[in-house]
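# Chains, contacts and geometry: an overview
One letter stands for each residue in the lines below.
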Amino acid sequence: TNIVPLVGGLIEEIRVNVGDRVDQGAPLIRLRQAEFDLSVKRLAYARDLAKSELEDALRNWDNANRLRQREVISLDDLETRVAVSRSKLGMAAVNLSLAQQELTDSIVKAPFRGVITKRFVDEGAFVPSVMRSGSPVVQLQKIDIVIVQIFVPETYLTSVSQCMHAIVHI
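Not measured: the values here are computed from a predicted model. Numbering of residues begins from 1 in every chain and follows the order in which that chain's sequence is written. Only residues with pLDDT of 70 or above have their local features reported here, since the model is predicted, and side-chain atom pairs are shown and tallied only from 80 upward, although totals for entire chains, interfaces and linings are computed over all residues. Each side-chain value is worked out from all heavy atoms of the structure, with water and hydrogens disregarded.

### Observations regarding the layout of surface pockets
Each pocket or cavity is described by its volume, and for the largest pocket that value is around 160 Å³. Lining the largest pocket are I150, V152, V160, S161, M164, H165, A166, I167 and V168. Here a cavity means grid points, on a 1 Å grid over the protein atoms only, where a 1.4 Å probe fits yet cannot get out; a pocket means an open set of points with protein on both sides within 12 Å along at least five of seven lines; lining residues are those with an atom within 4 Å of a point. Grid points are joined across faces, edges and corners, and a volume is the space filled by probe spheres set on the points.

Given below as structure tokens:
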């Protein structure tokens, strides 16, 4: 399996080499975290701002509702402001969740237990995301079962039998 990162970025660390055995979930590559961290922080502030705007809009709506009961004002504008503020908060929350997922995805992990058979990049290389037809960073092969085919010269054929155990050195 050619392993491609889900997000694009600059490779900061490659934790494996050809021939390394890795367990499922083991980190293989870490992209530079700075941009992802800043994106999460920026979007957390955007969510907090949207939350504050919604609280302010609800407070204004509540105050205006009291005045409307006395038939002093209309609430149409404030109801719209509350709806817009709710939508902004929802969008900010979704954007923050996406940024947090990208931060998580910036560490490429082994999808299964296997052996690194190829390494296509080195530290410092920029890799695009899988969505932008990303190139593989490493190749991982599952080699739990290995089939070895050996040709035996005819002179030794009588000393070999089916299901015979053998030691193979590679």
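### What to know about the side chain of D105
Going along the chain from the N terminus, every DSSP run of H or I of four or more residues is numbered as a helix, and every run of E of two or more is numbered as a strand. Note that D105 resides in helix α2 (residues 76-105). Exposed residues in this analysis have more than 50% of their type's maximum accessible area, buried residues have under 20%, and partly exposed residues fall in between, with area computed by a 1.4 Å probe over protein chains only. When charges are counted, neither His nor the chain ends are considered; positive counts come from Lys and Arg and negative counts from Asp and Glu. When a carboxyl oxygen of Asp or Glu is within 4 Å of a side-chain nitrogen of Lys or Arg, the pair counts as a salt bridge. Of the side chains with opposite charge, K109 comes closest to the buried, unpaired D105, at an N-O distance of 8.4 Å. With near-sequence residues (within four places) excluded, D105 lies in contact with L6 and V7. Throughout, a residue-residue contact means that at least one pair of heavy atoms, one from each residue, lies within 4.5 Å.

### Brief notes about the nonpolar core
Take the buried Ala, Val, Leu, Ile, Met, Phe, Trp, Tyr and Cys residues and link them wherever side-chain atoms come within 4.5 Å; each set so joined is a nonpolar core. In this structure, I11, L28, I29 and V138 are the most contacted members of the largest nonpolar core, which totals 19 residues. Breaking this core down by element, the ones donating at least two residues are β2 (9-14), β4 (27-31) and β8 (138-141). Those residues in contact with V138 that sit more than four places away from it in its chain are T1, N2, I3, V16, L28, I29, I116, K118, R119 and F120. Within the second largest apolar cluster, five residues are counted, among which are L43, A44, L96 and A99.

### Structural notes on the pairing of β8
Any two strands between which DSSP finds at least two bridges are classified as paired. In this structure, strand β1 (residues 2-3) lies alongside β8, joined through two bridges in antiparallel fashion. Within β8, the residue paired with I3 across the bridge is V138. Pairing of strand β6 (residues 114-119) with β8, which is carried by four bridges, proceeds in the antiparallel orientation. Following the sheet pairing, V115 is matched in β8 by Q141.

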